[in-house]
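These are the residues of each chain, in order.
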Amino acid sequence: MALPSPPSAASAPASAGERWPPLESSPEVFNQFMWSLGVPEDEAEFHDVYGLDADALDMVPQPVLAVILCFPDPPQDESYTSDLRLSYGEKETRDRVYFIKQIESLGNACGTIALIHAVGNSSSEINLVENSCLDLFFKSTASMDPSERALFLEKDDAMARAHSLAARSGVTELCDVVEEHYICFVAVNGTLTELDGMKDGPIKHGSSSSKSLLQDVVPVIKGIMHTIPDSINFNLMVLSRKQNCAGAKRHE
């Protein structure tokens, strides 16, 4: 007969790293995760981007709704000039850009935050399953500021369970030392916008559109790669709307 666990062990809360382990950067993991959260399989899916040259970009299924980059943690002193950073206090920005912070208690949730940024800023293109995890999350946090959203996510047990399952579905062995980070790029209101939960707010990188998003983000990604020249641990994915659904929501 199995002995019961000591009460202290059973009641010990999971650490941030245990509750939010790192996600493997692969379309298979992100697709199953996203679909389990409430994005219908026949509406959108993630794809790998195999290079930054024109031929590789031409292979990516269109339309692209968001771009997610997984890259080595940048130097701690790296910063962006203040004129690039959007003021999240402006009502227009709040209404148009969905942004959530990554706080310490969220552990390695940057992959989930990148997914939330991708889907949350594609709401005009994706019909979420009603009362699904993402549907309830976006409805509950719509009027919150980025830090309040982070606290809401940190306490969202359903989202944490889905994240943990996704983290364990990859082929890469989970480890305690995580040296990569996820960020997301979207085109919002004609602007190429970088969404990094570790930053204070969204960062704009010039003009863009849904048709040119992937091409527009290439110089930004090359710039990031240039700041970390000694690493090859870069992985790029896109969230694309499935062809059979492209334009469907616009004409409803």
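Right above here is the structure, for reference.
Right, let's walk through the structure included here. (Residues numbered from 1 in each chain as written. Predicted model: local features only at pLDDT ≥ 70, side-chain atom pairs only at ≥ 80, totals over all residues. Heavy atoms only, no water.)

Under the counting rule described, the total for this entry stands at five salt bridges. Salt-bridge contacts for Glu125 lead to Arg241; the nearest nitrogen and oxygen are separated by 3.8 Å. With Glu125 in the loop between helix H6 (110-120) and helix H7 (133-141) and Arg241 in strand S6 (residues 235-241), the pair connects residues that are 116 residues apart, well separated along the chain. Arg241 matches Glu125 in its accessibility class, with the two residues each being buried. Close ionic contact of Lys139 with Asp135 constitutes a salt bridge, the shortest N to O distance being 3.0 Å. Residue Lys139 and its partner Asp135 are both found in helix H7; the two are separated by four residues, about one turn of the helix. A relative accessible area of 52% places Lys139 in the exposed class. By sharing partners, the salt bridges in this structure join Glu43, Glu125 and Arg241 into a single network. (Salt bridge = Lys/Arg side-chain N within 4 Å of Asp/Glu carboxyl O. Helix = DSSP H or I, 4+ residues; strand = E, 2+ residues; numbered from the N terminus. Buried < 20%, exposed > 50% of the residue type's maximum accessible area, 1.4 Å probe, protein only.)

On to the environment of Pro21, then. Of note, Pro21 is situated in the loop between helix H2 (16-19) and helix H3 (27-37). With 87 residues separating them along the chain, Pro21 and Asn108 place their C-alpha atoms 5.3 Å apart.

With that settled, consider the packing of aromatic side chains. We describe a pair of aromatic rings using the distance from one ring centre to the other and the angle between the two ring planes. Using the criterion set out here, one finds five aromatic pairs in the structure. When the ring of Phe137 is compared with that of Phe138, the centres are 5.9 Å apart and the planes differ by 75°; the resulting orientation is edge-to-face. On the basis of relative accessibility, which here comes to 13%, the residue Phe138 falls in the buried class. Taken together, the aromatic side chains of Tyr98, Phe137, Phe138 and Phe152 make up a single cluster linked through ring pairs. Positioned above the aromatic ring of Tyr98, the side-chain terminus of Arg149 is 3.9 Å from the ring centre. (Phe/Tyr/Trp six-rings, centres within 6.5 Å; stacked < 30°, edge-to-face > 60°. Lys NZ or Arg CZ within 6 Å of the ring centre and 35° of its normal.)

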